[in-house]
Amino acid sequence: MAGAYDASLPSVPDWLNKGDNAWQLTSATLVGLQSMPGLVILYASIVKKKWAVNSAFMALYAFAAVLLCWVLLCYKMAFGDELLPFWGKGGPAFDQGYLKGQAKIPETVRMFGNGTMEKEATMPYFPMATLVYFQFTFAAITTILVAGSVLGRMNIKAWMAFVPLWLIFSYTVGAYSLWGGGFLYHWGVIDYSGGYVIHLSSGVAGFVAAYWVGPRPQADRERFPPNNVLLMLAGAGLLWMGWSGFNGGAPYAANLTSSIAVLNTNLSAATSLLVWTCLDVIFFGKPSVIGAIQGMVTGLAGVTPGAGLIQTWAAIIIGIFSGSIPWASMMILHKKSTLLQQVDDTLAVFYTHAVAGVLGGLLTGLFAHPDLCVLLLPVPNTNGAFYGGNGGKQFLKQLVGAAFITVWNVVSTTLILLAIKMFIPLRMAEEELGIGDDAAHGEEAYALWGDGEKFDATRHETQMQQFERDQEAANPSYVHGARGVTIVL
């Protein structure tokens, strides 16, 4: 074993920092576990029983499809050489010579106006293979989050087409613009670990997708209880614990910034969960498990844009706002907006990710500490408005960055879905919606009626009759099922 630490080994080049590489691979694994099995479990358990298999499979498929597309084309579109100010040149990332070299994001180099170098390109002390995989896990979870808005009715074949197209034409643009050396990166917009690239983009894209796919059947919209609350908590737990890799791995090193980010991440999540729970108790008389999970998610998404750049007291403030503003947008604003009521966002991804992501980005524009910014950010003299200096300009930059990501996702997601619709129906047939998993996959999550039986349409006649009765007896005052998802007050 001692030979593994011999610096002269060809597998241990001078630039390799084993500690950084180990932490980055660990972080990548933690983020991967957020999706597989975290969101697979969460999606399978938070939906109505008849949609458990379909919801889990949408996440499973996206994880696999994104990985293949990532190494074939999309990694370099997000982190390669410039094609446009907001897009990189696509290409494969699987040559061994490329993957075993030192990681580098070429377009992050900064130059002075006279042509001299201000800052070298980002070159972490680990192999390119580590960076490719780490960034894949971010791309995968973003795409899976989009699925949360269209669970319970999207045609699985349309979803299979949507995943690679959205990855290519939407995700890579945000990633390159903010992280890969694009125009927002060099302008100085702060997105520490994905408040805009991941949460805002997935929330907006999910909302747009829900609009074009259409709502669930009325009976499902009005009664959509989780089929397994305890399993839902297990999935949420994997999501929370995995976020230490999500934000802790963003600096590409096991350094001071990563330590601060991990602490701030967990503190914001806990604060937001408690705030959301208290609001549920105040307004509804009892705490909601779904509400607690949503508060956890908004706290995590809210702190992500600045997790390693803010002081710990600011993380608590972000947690307070993340637990209250998305709650109010979901419980109150939803009631007052005709558009929000028309769009059936199954898991309220728009509120828990888009609203929380924008909120966190703007609060980062207020609370980013200059001493922490100098440890990580490429643009000198960056800090939040709370600390004076250029802080006011920074807040405006955060607004512009959010607007760009929002507009791009609205347009790109719309065009992608309209293109798919020309060849594949976006929505399952109404008779299939009454059945669920068995119609979509020929499988059911719980084989309570017998093992090994094949799909037989005649066997579901009574289910369809019950489905039609549920439609007739629908109660329009209850929108999304389990309290804490979306309630009309």
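Residues numbered from 1 in each chain as written. Predicted model: local features only at pLDDT ≥ 70, side-chain atom pairs only at ≥ 80, totals over all residues. Heavy atoms only, no water.

1. Quick word on the side chain of His353
Alright, step 1. If you trace the backbone, His353 turns up in helix α14 (residues 349–367).
Alright, step 2. Not counting residues up to four positions away in its chain, the partners in contact with His353 are Leu145, His199, Leu200, Ser202, Gly203, Val297 and Ala301. (Helix = DSSP H or I, 4+ residues; strand = E, 2+ residues; numbered from the N terminus. Contact = heavy atoms within 4.5 Å.)

2. Quick word on a nonpolar patch on the surface
Alright, step 1. Judged by side-chain polarity, Leu68, Leu72, Leu73 and Phe94 come together as a nonpolar surface patch covering roughly 380 Å² of accessible area.
Alright, step 2. Tracing the backbone through its elements, the reader meets Phe94 in the loop between β2 (87–88) and α3 (96–99).
Alright, step 3. Note on Phe94: relative accessible area 51%, which makes it exposed. (Patch = residues over 30% accessible without salt bridge, like charges linked within 9 Å, V, L, I, M, F, W, Y side chains within 5 Å. Areas by Shrake-Rupley, 256 points an atom, 1.4 Å probe, with all protein chains shown as cover. Salt bridge = Lys/Arg side-chain N within 4 Å of Asp/Glu carboxyl O. Buried < 20%, exposed > 50% of the residue type's maximum accessible area, 1.4 Å probe, protein only.)

3. Re the confidence of the model for the protein chain
Alright, step 1. Across the protein chain, the average pLDDT comes to 90, with 89% of residues at or above 70.
Alright, step 2. Contacts of residues 476–489 to residues separated by more than four positions or lying in other chains number 55 contacts, the stretch itself having pLDDT below 50. (pLDDT = per-residue confidence, 0-100.)

4. Things to note about the packing of aromatic side chains
Alright, step 1. Under the definition given, this model contains 29 aromatic pairs.
Alright, step 2. Between Phe86 and Trp87, the aromatic rings sit 6.3 Å apart at their centres with planes inclined by 25°, giving stacked as the arrangement.
Alright, step 3. For Phe86, a relative accessible area of 22% puts it in the partly exposed group.
Alright, step 4. Connected via pairs of aromatic rings, a cluster forms that spans Phe126, Phe134, Phe138, Trp179, Trp243, Phe246 and Tyr252. (Phe/Tyr/Trp six-rings, centres within 6.5 Å; stacked < 30°, edge-to-face > 60°.)

5. Details of the layout of surface pockets
Alright, step 1. Its volume calculated, the largest pocket comes out at about 780 Å³.
Alright, step 2. What lines the largest pocket is a set of 35 residues, and nearest its centre among them are Thr122, Tyr185, Pro251, Tyr252 and Leu376.
Alright, step 3. For the lining of the largest pocket, the leading source of residues is helix α4 (residues 128–147), giving three residues.
Alright, step 4. Split into classes, the residues belonging to the lining of the largest pocket amount to 23 nonpolar, eight polar and four charged. (1 Å grid on protein atoms, 1.4 Å probe; cavity = no way out; pocket = protein on both sides within 12 Å on 5 of 7 lines; lining within 4 Å. Points joined across faces, edges and corners; volume = space filled by probe spheres on them. Nonpolar A, V, L, I, M, F, W, Y, C, P; charged D, E, K, R; others polar.)

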